[in-house]
Amino acid sequence: MGLLFGTDGVRGVANETLDNNRAYRVGLATAWQLAEQKGSQPVVVIGKDTRISSDMLEAALSAGLCAGGANVVQLGVVPTPATAYLTVANHADAGIVISASHNPYQYNGIKIFSSQGYKISDELEAAIERMVLSQGVMPLKTGGGLGQIYNGHHALDGYTHYLITTVDRPAITDLRVLIDCANGAASKTARRIFSRLGIEVSYINDQPNGVNINDHCGSTHLDLLAERVVSGCYDLGLAFDGDADRCLAVDEKGGVVDGDQMLAICAADLKKQGKLKNNGFVATVMSNLGLHKYAGEHGMKLFCSGVGDRYVLELMRDKGMVLGGEQSGHIIFLEHMTTGDGQLSGLQFLQIVAKNMVPVSQLVSAVKQYPQVLLNVAGPHDNAAKDALTNCAPVQAAVAEGEKRLNGEGRILLRPSGTEALIRVMVEAGTEAEAKQVAQLVAAAVENAKKQF
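Now for a description of the structure that goes with this document. In this text, all values refer to a predicted model and were calculated from it rather than measured experimentally. (Residues numbered from 1 in each chain as written. Predicted model: local features only at pLDDT ≥ 70, side-chain atom pairs only at ≥ 80, totals over all residues. Heavy atoms only, no water.)

### Regarding the pairing of strand 3 (residues 71-77)
Here is step 1: Burial within strand 3 is extensive, with five of its seven residues counted as buried.
Here is step 2: Where strand 2 (residues 43-48) and strand 3 come together, six bridges link them in parallel fashion. Of the residues in strand 3, the one forming a bridge with Val43 is Asn71.
Here is step 3: In the classification by handedness, the crossover that spans strand 2, the intervening helix 2 (residues 54-67) and the parallel strand 3 is right-handed.
Here is step 4: Here strand 3 pairs with strand 6 (residues 149-151) via three bridges, running parallel. Across the sheet, Gln74 pairs through a bridge with Asn151, a residue of strand 6. (Buried < 20%, exposed > 50% of the residue type's maximum accessible area, 1.4 Å probe, protein only. Helix = DSSP H or I, 4+ residues; strand = E, 2+ residues; numbered from the N terminus. Pairing = 2+ DSSP bridges. Right-handed = clockwise from strand over helix to strand, strands pointing away.)

Have a look at this one:
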């Protein structure tokens with residue numbers, strides 16, 4: 001991770017660690033780097049989520065891009081994957097999303113896609129970062145060299161129509177579905193997609209006001225959705241996060257269906273259709289042991305990447321896989337989309353549910369979940385300091401002691417968050433009590449050691 005770009009782009013608290021000046025400089029640097037690569041005036045599309053700070057940062061970022069000579073197409077409020085898709089569909093040179101995904105509304109971020117709809121290369125990211133963080137005056141275009149801003153809000157219809165074409169609509173019948181839009185970008189698109197399937201669909205948390213995005217709703221807070229699914233006798237619920245690149249589900253009994261379970265069910269379905277390329281798929285080191293066992297029992301290969309959808313995608317492309325994802329609900333269907341798309345995942349899952357004609361709880365019961373405890377310990381904001389804290393001797397000694405207690409019947413994963421000032425401690429064990437005990441041991445060591453950083 002660089003000083004500016006984390007695992008998921010630039011991320012920070014609006015007007016504290018991510019202000020207008022930084023957004024302007026990111027735009028200006030991006031314009032110059034793209035122009036250098038292309039040899040002519042670049043075109044950049046920009047999408048944003050519903051945070052109160054998104055309009056402000058969009059204006060600053062657009063100003064920087066235009067000052068550097070790039071033309072800007074503003075898509076308005078759209079899901080992150082819509083920006084990636086529309087970048088390719090409109091033959092733009094890059095796409096930029098203003099969003100902090102699942103984080104609280106105070107945060108915001110800047111994520112850049114290439115002209116192919118993938119995250120930009122590490123080399124381009126590093127070049128942009130060097131320009132943004134440099135102390136010198138950044139060059140500006142003048143006269144006719146300045147860029148212009150265009151309204152691209154109409155382009156969203158192309159994205160929503162495309163998603164619907166990825167499923168067999170007539171085959172999705174006799175379902176009652178409740179959808180949680182997280183008061184985010186899906187509030188703009190979910191009705192355009194799911195209400196055209198010919199099934200009964202209702203929506204909650206679809207009234208964004210700038211400060212209620214992810215606020216006790218969406219894929220990070222499933223309690224309300226679970227309660228409403230049960231009380232309303234729905235067949236299942238789907239929950240997106242703020243920028244709609246994640247999707248989790250709730251079964252008819254209110255049970256959570258996480259990304260590992262959705263990934264397993266989708267992999268098995270693709271295998272049955274003969275579409276699971278190279279007979280395998282990609283998950284992450286955070287994925288539950290139950291996913292590994294399910295893959296083995298069904299004759300599928302499972303590869304694990306680092307945490308973050310960019311690492312999932314890198315390994316997918318390296319291994320020639322068409323499916324990959326994370327426990328958190330990022331799932332990539334590479335046949336259809338270049339990045340994780342929550343609404344695409346929801347559509348694919350609905351199609352499988354309809355095809356199997358069994359309750360969702362029964363469908364996912366084959367994917368056993370082993371007790372897993374995740375604790376977050378507040379840490380430094382600086383990525384280098386987070387890495388140093390994670391690898392310091394007292395913390396590593398606690399990890400070794402925890403592994404000794406698990407005696408080969410579980411695992412410990414300790415990692416710095418790429419988007420927040422947190423150190424994440426994950427422990428998996430035969431029982432929840434054992435996992436919790438070991439997680440607390442390691443978390444306490446991190447808490448004590450952080451005073452040095």
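The discussion continues.
### Looking at the nonpolar core
Here is step 1: One finds Ile179, Phe194, Leu238, Phe281, Leu323, Phe349 and Leu350 to be the most contacted residues of the largest nonpolar core, which totals 63 residues.
Here is step 2: By residue number, the principal contributor to this core is helix 8 (residues 259-273), which donates eight residues.
Here is step 3: In this structure, Leu323 is in contact with Leu263, Cys266, Ala267, Leu270, Leu276, Phe281, Val282, Met316, Ile331, Ile332 and Phe333, ignoring residues within four places of it in sequence. (Core = buried A, V, L, I, M, F, W, Y, C linked by side-chain atoms within 4.5 Å. Contact = heavy atoms within 4.5 Å.)

### Here's the deal with the sheet that holds strand 16 (residues 372-378)
Here is step 1: Across the sheet, which stays open at both edges, the three strands sit in the order 16-18-17 with antiparallel pairing between neighbours. The open sheet has two edge strands with one neighbour each: strand 16 and strand 17 (411-416). Neighbour-to-neighbour, the strand axes of this sheet turn through a mean angle of 15°, independent of strand direction.
Here is step 2: Strand direction decides the pairing type here: strand 17 and strand 18 (residues 422-428), joined by six bridges, are antiparallel. Residue Leu413 lies in a different strand from strand 18, and its bridge partner there is Met426.
Here is step 3: Relative to strand 16, helix 15 (residues 432-449) is tilted by about 15°, and along the sheet it contacts strand 16, strand 17 and strand 18. (Axes fitted to C-alpha atoms, helices over the stretch in contact; angles between N-to-C directions.)

### Brief notes about the pattern of salt bridges
Think of it this way: side chains of opposite charge can pair up when their charged atoms draw near.
Here is step 1: Taken as a whole, this structure holds 17 salt bridges when the rule is applied.
Here is step 2: Between Asp157 and Arg192 there is a salt bridge; the shortest N-O distance is 2.8 Å. Here Asp157, found in helix 5 (residues 156-164), pairs with Arg192, found in helix 6 (residues 186-194); they are 35 residues apart in sequence, far enough to count as distant.
Here is step 3: Overall, the relative accessible area of 47% leaves Asp157 in the partly exposed class.
Here is step 4: Three or more residues joined by partner-sharing salt bridges are found here, namely Lys48, Asp55 and Glu58. (Salt bridge = Lys/Arg side-chain N within 4 Å of Asp/Glu carboxyl O.)

### Quick look at helix 1 (residues 20-38)
Three or four residues apart is the spacing at which side chains of an α-helix point the same way, because the helix has 3.6 residues per turn.
Here is step 1: If you check helix 1, its first and last C-alpha atoms are 27 Å apart, about what 19 residues at 1.5 Å a residue would give, namely 27 Å.
Here is step 2: The set of residues buried in helix 1 consists of Ala23, Arg25, Val26, Gly27, Leu28, Ala29, Thr30, Ala31, Gln33, Leu34 and Ala35.
Here is step 3: Its buried side turned inward, helix 1 meets strand 2, helix 2, strand 4 (94-98), strand 5 (107-114) and helix 4 (122-133).
Here is step 4: Backbone geometry just after helix 1 places Gly39 at a positive phi near 85°. (Expected span 1.5 Å × (residues − 1).)

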